[in-house]
Amino acid sequence: MRFEIMRLDDVDGTAVDSTVVDAASVNRIVQQAAYTGQRIYIRPADTTTAS
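Everything numeric in this text was worked out from a predicted model, so none of it was measured. (Residues numbered from 1 in each chain as written. Predicted model: local features only at pLDDT ≥ 70, side-chain atom pairs only at ≥ 80, totals over all residues. Heavy atoms only, no water.)

A few words on the overall build of the protein chain. Helix and strand counts for the protein chain come out as 1 helix and 3 strands. In the protein chain, the order of α-helices and β-strands from amino to carboxyl end is β-β-α-β. Principal-axis analysis of the C-alpha atoms places the extent of the protein chain at approximately 40 × 25 × 10 Å. Counting all 51 residues of the protein chain, 22% fall into the buried class. Residue pairs at least 24 apart in sequence account for 45% of intrachain contacts in the protein chain once pairs closer than 6 positions are excluded. Roughly 4000 Å² of accessible area belongs to the protein chain as shown, and the carbon and sulfur atoms make up 50% of that amount. Computing the positive centroid from 5 side-chain charges and the negative centroid from 7, the protein chain places the two 4 Å apart. (Helix = DSSP H or I, 4+ residues; strand = E, 2+ residues; numbered from the N terminus. Buried < 20%, exposed > 50% of the residue type's maximum accessible area, 1.4 Å probe, protein only. Contact = heavy atoms within 4.5 Å. Areas by Shrake-Rupley, 256 points an atom, 1.4 Å probe, with all protein chains shown as cover. Lys, Arg positive; Asp, Glu negative; His and termini not counted. Charge placed at Lys NZ, Arg CZ, Asp CG, Glu CD.)

Right, here's the structure in full:
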């Protein structure tokens, strides 16, 4: 499963940038964000494809 992780602005909470990662990487990114005090939003990545 893949997840989209968005880094949020400290002032108003809007998404600054985003990346899609595999499930194994989520824990590392969450720990890094907690260590630095960074705000993030995680959701399942859209896996549908247009045909």
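Further remarks concern the nonpolar core. Here is a general trend for soluble globular proteins: nonpolar side chains tend to be buried in one another's company. Core analysis: the biggest nonpolar cluster contains 5 residues, these being F3, I5, V21, V26 and I29. Within the residue set of this core, elements represented by two or more residues are strand 1 (2-8) and helix 1 (23-36). In this structure, V21 is in contact with M1, R2, F3, I5, V26 and I29, ignoring residues within four places of it in sequence. (Core = buried A, V, L, I, M, F, W, Y, C linked by side-chain atoms within 4.5 Å.)

The α-helix advances 3.6 residues per turn, and as a result positions three or four apart in sequence lie on the same side. The end-to-end C-alpha distance of helix 1, which contains 14 residues, comes to 21 Å, matching closely the 20 Å that a straight helix rising 1.5 Å per residue would cover. By the burial criterion, the buried members of helix 1 are S25, V26, I29 and A33. Along the axis of helix 1, the buried residues cluster in a sector spanning 110°; they form a single face. Exposed residues on helix 1 whose side chains face more than 90 degrees from its buried face are A24, R28, A34 and Y35. For helix 1, the elements touching its buried residues are strand 1, strand 2 (15-22) and strand 3 (40-44). Positive backbone phi, at 80°, marks G37, one or two positions downstream of helix 1. (Expected span 1.5 Å × (residues − 1). Arc of directions from axis to C-beta.)

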